[in-house]
Amino acid sequence: MSTAPFTLDDLRRVLLEAAGADEGVDLAGDILDVHFESLGYESLALLETGSRIEREYGVALDEDLLADAQTPRALIAAVNEALGTVQQAA
Amino acid sequence: MTTSVVVTGLGIAAPNGLGTREYWEATRNGKNGIGRVTRFDPSSYPSTLAGEVPGFVAEDHLPSRLLPQTDRMTRMALVATDWALQDADIDPAELPAYDMGVVTASSSGGFEFGQNELQKLWSQGSQYVSAYQSFAWFYAVNSGQISIRNGMKGPSGVIVSDEAGGLDAVAHGRRLIRKGTPVVVSGSIDASICPWGWVAQQAAGRLTRSTEPTRAYLPFDAEASGYVPGEGGAILIMESAESARERGARVYGEISGYGSTFDPKPGSGREPALRKAIELALADADLTPGDIDVVFADAAGVPELDRIEAEALTAVFGARGVPVTAPKTMTGRLYSGAGPLDIASALLAFEEGLIPPTVHVTADDDYALDLVVDRPRQAPLRAALVVARGYGGFNSAVVVRAAG
């Protein structure tokens, strides 16, 4: 079980594995506060992303919480809250 | 007067050639695309031969965003659509979204994707199953993904009637155009060469058990022993002749006639309904049998079914009354992809005045067919009949005519 905080780089990696990246989207860029929709990820992509985070980090993410997290910053915070780690997003 | 509907773009993925040019070059020369299955180890199965599309690397053509959510059949359909649109010189971004529709066919959905997720379900647990399983296996997924990728919001749908479905989809595309949708993406690509798909195909009892690629799929031959399955097909861009003319598009030919029927109950003693489907297609095209220059046969490779098709063809055209060919002897039967690929072959045959051959086959004289075997035959070609039958009683026929 990981006790290190879940970071933006972790999220980038999981997003790529779960749903790939759209043409014209630079995931490596400053995306912390960009809406997932603008990054090309719809609800199913986020569901798959959440499911992979749960498996990999051994946490349970609340479904409503997942649905409410509309940006990488919000999702990272939610994961860290579940992990009980301090948020260190970037 | 009904609207004339024409084909202005082709996108092909076939076992003997990826891309229209490669496919036609292979097909006119009788190049075989059948071999031992390579996508999994077939040695423990009764049938081991297939027509696999060579050299298709999805990553070379599609963004990574689409890869985790698509089966092989969808990837090939998306890429074939890109090619067909380029061929038709249509940029979907420049057209009103509701002016473009999509109707494809599917015989089995995304089997390989589904198999992978089911394996995760029973070996690792439900939390390992991809969220994309919710649609990636689904029959309608190719139409949906084509429509999303190209921003096509007009009418769309899928036809599921096994191998007849590819023709049924093209016919439905023609209907949509006649109801006012200017551009329709149609045709079909199927692909289910994976263990789960293989078992399902095996269950129908019509696959050959031959292990020799050139002696395995022999329709209308006394040694017919079943068929070899394949993957691939063709995507067609269809539009009204008027809109094609207005934008100065190159026209491959017209979808002139269509007929479909369903067979009577087995054992009823009534005549199989294939002949009727052919007659309906000819009547719809307002042509007589004498107007047809070549038939692209369904060519089941199962003696009883070959007999039914030969009897239907001789009833309509007379004994040896029309050249008949089955280029699918080079690819295997592509399920819903077969009909659209045969339509594409007919259109390409028109351009060259050349009937592609039925390979490996020695025609059984009893069938009384003028089968074009071994090598292509040159002939002036103006109209072709394409026949396709689906498991369970589906019969469909399409008449295609040359442009101009």
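Parameters at a glance
- Residues numbered from 1 in each chain as written.
- Chains lettered and ligands numbered in written order.
- Predicted model: local features only at pLDDT ≥ 70, side-chain atom pairs only at ≥ 80, totals over all residues.
- Heavy atoms only, no water.
- Phe/Tyr/Trp six-rings, centres within 6.5 Å; stacked < 30°, edge-to-face > 60°.
- Buried < 20%, exposed > 50% of the residue type's maximum accessible area, 1.4 Å probe, protein only.
- Patch = residues over 30% accessible without salt bridge, like charges linked within 9 Å, V, L, I, M, F, W, Y side chains within 5 Å.
- Areas by Shrake-Rupley, 256 points an atom, 1.4 Å probe, with all protein chains shown as cover.
- Salt bridge = Lys/Arg side-chain N within 4 Å of Asp/Glu carboxyl O.
- Helix = DSSP H or I, 4+ residues; strand = E, 2+ residues; numbered from the N terminus.
- Contact = heavy atoms within 4.5 Å.
- Buried area = accessible area lost by both parts, 1.4 Å probe.
- Polar contact = N/O pair within 3.5 Å; in protein donor to acceptor, adjacent residues only side chain to side chain.
- Pairing = 2+ DSSP bridges.
- pLDDT = per-residue confidence, 0-100.

Another aspect to go through is the packing of aromatic side chains. Residue and element names in this part refer to chain B. This structure, assessed with the given rule, holds 11 aromatic pairs over all chains. Seen from their ring centres, W137 and F138 are 5.3 Å apart, and the 70 degrees between their planes marks the pair as edge-to-face. Judged by its relative accessible area of 32%, W137 is partly exposed. A relative accessible area of 38% places F138 in the partly exposed class. Ring centres of Y227 and Y335 lie 6.2 Å apart, and the angle between their planes is 70 degrees; on these two criteria the pair is classed as edge-to-face.

All names here are of chain B. Together, L118, L121, W122 and W196 line one region of the surface with nonpolar side chains, adding up to about 450 Å² of accessible area. No other element matches the 3 residues that helix α3 (residues 111-123) contributes to the nonpolar patch. With respect to the secondary-structure elements, L121 resides in helix α3.

Attention now goes to the interface of chain B and chain A. Taken together, the contact pairs 13 residues of chain B with 16 residues of chain A. Across the chain B/chain A interface, buried area totals approximately 1,100 Å², and carbon plus sulfur atoms make up 51% of it. Taken as a group, R65(B), A131(B) and Y132(B) account for 48% of the area that chain B buries against chain A, more than any other trio of residues on that side. Linking chain B with chain A are 1 salt bridge, by the criterion used here. A salt bridge links E42(A) to R65(B); the nearest nitrogen and oxygen atoms lie 2.6 Å apart. Connecting chain B to chain A are 8 residue pairs in polar contact (both at pLDDT 80 or more).

With that out of the way, let us pick up the pairing of strand β7 (residues 183-190) of chain B. All names here are of chain B. By the criterion of burial, β7 is predominantly enclosed, with 8 of the 8 residues buried. Side chains of β7 alternate between two faces, with V183, V185, G187 and I189 and V184, S186, S188 and D190 buried alike. As judged from the 3 bridges shared by strand β5 (residues 100-105) and β7, these two strands associate in the parallel manner. Looking across to β7, one finds that M100 is bridged to V183. Sheet topology places β7 next to strand β8 (residues 232-240); 8 bridges connect them, and they run antiparallel. Paired with V184 across the bridge in β8 is M238.

Bringing the confidence of the model for chain B into the picture now. Summary statistics for chain B give a mean pLDDT of 97 and a share of 100% for residues scoring 70 or more. No element of chain B has a lower mean pLDDT than helix α7 (residues 195-203) of chain B, at 94, and none a higher one than strand β10 (residues 294-296) of chain B, at 99.

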